[in-house]
Amino acid sequence: MRRFVFLLMWLVCIRAVSAQHLYPEHYPVKVSSFVLDDGRLGVKPLPDAWGRMNKAFNANELKQANGVIIVQILVDSTGHAQLLSADNKTNVSSDKLELQKAVNNTLWMPAESRETEFKSQTRELVSVSYQLTFSDGTFYGEEVSPFETFSNPPEPITDGSDPKDLSYTFRLYTNSNGRLPSKVSRMSRGVTVDSTGTVWMGTDNGLVSLSGNKKTLYTYSNSPLTSPLYDSTQTFPIFELLTDKDNGVWIIQGWDVFRIKDGKWTRFDTLNSPVYWGRHLFVDRFNNVWITSWDGICKYDGVKWMVMDSLNSGIPTNKVLSFYVDKQDRQWVGTFSGNAMFDGQKWTDYRSSNTPLGKNNIDCAYQDDEGNMWFYFYAYKESKGGLYKLDTQGKWHHYAPNWTKVLETEAGNDMLYDEYRNQIWISVNTVGLFMYDVAKDRWEAYTTENSNLPSGYIMQLTQDKEHRIWGATFNGFIQIVDKP
């Protein structure tokens, strides 16, 4: 699950990467290494950054510019910026627009410095990626993910995605259309629904609960949620949400984990738990909450904590990508170093297996009502990734549309099996949403080009008791609805 998030954090953990240009246009910068930021280091433009950039553009060319430019910006410990690379898809060249001058004129909130093992890294240069969208003599900037730099360029989707053939559309929830509080960020990564039907939405500036028409915003000012050290007026980004079987809502926010239950907040950090920089959440049928991390997997049974790592279990490495417990209580673990499964008695290490489990990384896993195991794999060892089923007889089946190879090469941020409609939704990193109708053996692809999907980055999917599917994207929240 979310392989590229982990890849970037792995790069952060090994101090820094060489000065790599992410995009085609290169600009000279005298630096040997920098840290890649996936959003957790807190590098953000100051409130006047876009205004400073606007003044530095060539005014005449700015009036003519239409399209987008993705820029890779290096931000130092003082907040000064340098343009390192760009991908210009406007009708005006970067030189004429004076792009480098404009970017270098901006000021930023530098990386957050904390008393952690990563403190030395946050003092280095940090690379962030932003998309600048130009239209009618103005522009706006929004953060984008550099994750695709570490994968093959997506194959074009040439068939099967015609808007008239699609079954669904999206209801958008943002601060601009009034469906969310005005102060909340459009940058969103987590979403869950509790047993009352309340939708919880995690953004880069607050947590929103949506119950009917009632919207409540939780920030550093009215909840235990924390603010970053670089700006005490903001709320630190929320990365994932989960509802347990007691209707407790779990929140990953930076280094800490929170739970809201019956209106009461509990904070889990290194003082009262083994949790340190949790990545993903999972709840099993016994209401144990599992939290993956770079230090293995933490388990909380409601009273005490347990840690499963490479020293006391059969997981190949402590850097865990994905975790799933099926109906037989088998624990499936995906890591960068291979996959493993614990059946309650013994561990199976799949690294030498001549099956998809031995050739791919598990991004997502799910067991359907018939007992079949479904996996979305990220490919390595020259294999084909994508959607696979391991049936109850032990036979493998590969599912993919015949009009694109995107699923075979790109990572999956999340996967949701809609048992009610017998459909599987897959968030394919950088691309959008794929829907596979199991009964009809039919694929549909939803992108920002063929639908009103607001972003190619859908970070988490969830389903409520009314069978409605919700998603958190880099540009607001979505609800999947039938086309009129």
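The rules behind each value
Residue indices begin from 1 for each chain and proceed along its sequence in written order. Per-residue local features of the predicted model are confined to residues with pLDDT of at least 70, and side-chain atom pairs are confined, for both listing and counting, to 80 or more; whole-chain, interface and lining totals are unaffected and use all residues. Water and hydrogen atoms play no part in the side-chain values, which are based on all heavy atoms of the structure. Strands are runs of DSSP state E lasting at least two residues, helices are runs of H or I lasting at least four, and both sets are numbered from the N terminus onward. Exposed residues in this analysis have more than 50% of their type's maximum accessible area, buried residues have under 20%, and partly exposed residues fall in between, with area computed by a 1.4 Å probe over protein chains only. Contacts were defined at the residue level, with two residues in contact if any of their heavy atoms lie within 4.5 Å. All accessible areas in this document rest on Shrake-Rupley with a 1.4 Å probe, and a residue is counted as covered only by the protein chains that are shown. Nine residue types can take part in a nonpolar core, namely buried Ala, Val, Leu, Ile, Met, Phe, Trp, Tyr and Cys, and a core is a set of them joined through side-chain atoms within 4.5 Å. For Phe, Tyr and Trp, rings pair up if their centres lie within 6.5 Å, where Trp contributes its six-membered ring, and each pair is then called stacked (planes under 30 degrees apart), edge-to-face (over 60) or tilted (otherwise). Any Lys NZ or Arg CZ that is within 6 Å of a ring centre and within 35 degrees of that ring's normal is treated as a charge sitting over the ring. In this description, strands pair whenever DSSP reports at least two bridges between them. Axis geometry follows a simple rule: fit a line to the C-alpha atoms, using only the stretch in contact for helices, then measure angles between N-to-C directions, giving values from 0 to 180 degrees. N or O atoms within 3.5 Å of each other form a polar contact, as long as, within protein, one can give a hydrogen and the other can take it, and as long as residues adjacent in sequence are counted only when both atoms are side-chain atoms. Confidence scores per residue from the predictor, reported as pLDDT, run from 0 to 100.

*Asks:* When you look at the overall build of the protein chain in this model, what are you seeing that I'm missing?
*Replies:* Scanning the protein chain from N- to C-terminus turns up 8 helices and 37 strands. Scored against the burial criterion, the 484 residues of the protein chain give a buried share of 59%. Long-range pairs, those at least 24 residues apart, make up 56% of the contacts in the protein chain with a sequence separation of at least 6. Counting only carbon and sulfur atoms, one obtains 46% of the accessible surface of the protein chain, whose full area is about 20000 Å².

*Asks:* Hey, could you run me through the nonpolar core in this one?
*Replies:* One broad trend across soluble globular proteins is that nonpolar side chains are buried collectively. Counting 28 residues, the largest nonpolar core has Phe57, Val71, Ile73, Leu99, Trp108, Val128 and Phe134 as the members making the most contacts within it. Counting only elements with at least two residues in this core, the list comes to helix H2 (49–56), strand E5 (67–75), strand E6 (81–90), helix H5 (99–104) and strand E8 (126–135). Ranked by residue count, the leading element in this core is E8, at 5 residues. In contact with Ile73, other than residues within four places in its own chain, are Ala81, Gln82, Val103, Trp108, Val126, Ser127 and Val128.

*Asks:* In this structure, what is going on with the packing of aromatic side chains? I would like to understand it.
*Replies:* A ring pair, where both rings are aromatic, is described by two values, the distance of the centres and the angle of the planes. Across all of its chains, the model carries 41 aromatic pairs by this definition. With a centroid separation of 5.3 Å and 10° between ring planes, the pair formed by Trp250 and Phe268 is classed as stacked. Here Trp250 is found in strand E16 (residues 249–253), whereas its partner Phe268 is found in strand E18 (residues 264–268), with 18 residues between them in sequence. Ring centres of Phe268 and Tyr300 lie 5.3 Å apart, and the angle between their planes is 55°; on these two criteria the pair is classed as tilted. In this pair, Phe268 sits in strand E18 while Tyr300 sits in strand E21 (residues 296–300), placing the two residues 32 residues apart along the sequence. Residue classification places Phe268 among the buried positions, given a relative accessible area of 5%. Connected via pairs of aromatic rings, a cluster forms that spans Phe282, Trp290, Phe323, Tyr324, Tyr366, Trp374, Tyr399, Trp403, Tyr417, Phe434, Tyr436 and Trp443. Positioned over the ring face of Trp277 is Arg279, at 4.8 Å from the centre of the ring.

*Asks:* Where do I start with the sheet that holds strand E28 (residues 373–379) in this structure?
*Replies:* Taken together, the 4 strands give an open sheet; going across it, the order is E27-E28-E29-E30, and neighbouring strands pair in antiparallel fashion. Edge strands, defined here as strands with exactly one partner in the open sheet, are strand E27 (360–367) and strand E30 (396–399). Direction aside, neighbouring strands of the sheet carry axes that sit 30° apart on average. Two strands pair when backbone bridges link them, and E28 and strand E29 (residues 386–390) are joined in this way by 5 bridges, in the antiparallel orientation. Across the sheet, the residue bridging to Phe377 is Gly386, located in E29.

*Asks:* Honestly, the sheet that holds strand E11 (residues 188–193) in this entry has me stumped. Any pointers?
*Replies:* Paired through backbone hydrogen bonds, the strands of a sheet run either parallel or antiparallel to each other. Reading across the sheet, the 4 strands line up as E11-E12-E13-E14 and stay open at both edges, with antiparallel pairing between neighbours. Edge strands, defined here as strands with exactly one partner in the open sheet, are E11 and strand E14 (214–218). The average undirected angle you get between the axes of adjacent strands in this sheet is 20°. Where E11 lies against strand E12 (residues 199–203), 5 bridges are found, and the strand directions are antiparallel. What sits directly across from Val193, in E12, is Val199.

*Asks:* When you look at the side chain of Thr404 in this model, what are you seeing that I'm missing?
*Replies:* With respect to the helices and strands, the residue Thr404 is situated in the loop between E30 and helix H8 (406–409). A distance of 3.2 Å separates the side chain of Thr404 from the backbone nitrogen of Val406, its partner in a polar contact.

*Asks:* Got a minute to help me understand the confidence of the model for the protein chain in this structure?
*Replies:* The predicted structure's coordinates, where accompanied by low pLDDT, should not be read in detail. Per-residue confidence for the protein chain gives a mean pLDDT of 86; residues scoring 70 or more make up 87%. The spread of mean pLDDT over the elements of the protein chain runs between helix H6 (residues 119–122), the lowest at 39, and strand E15 (residues 240–243), the highest at 98. Note that pLDDT drops below 50 for residues 113–123; the model gives that stretch 21 contacts with residues more than four away or on any other chain. Here residues 148–153 is modelled with pLDDT under 50, and outside its nearest four sequence neighbours on either side it reaches 16 contacts, counting other chains as well.

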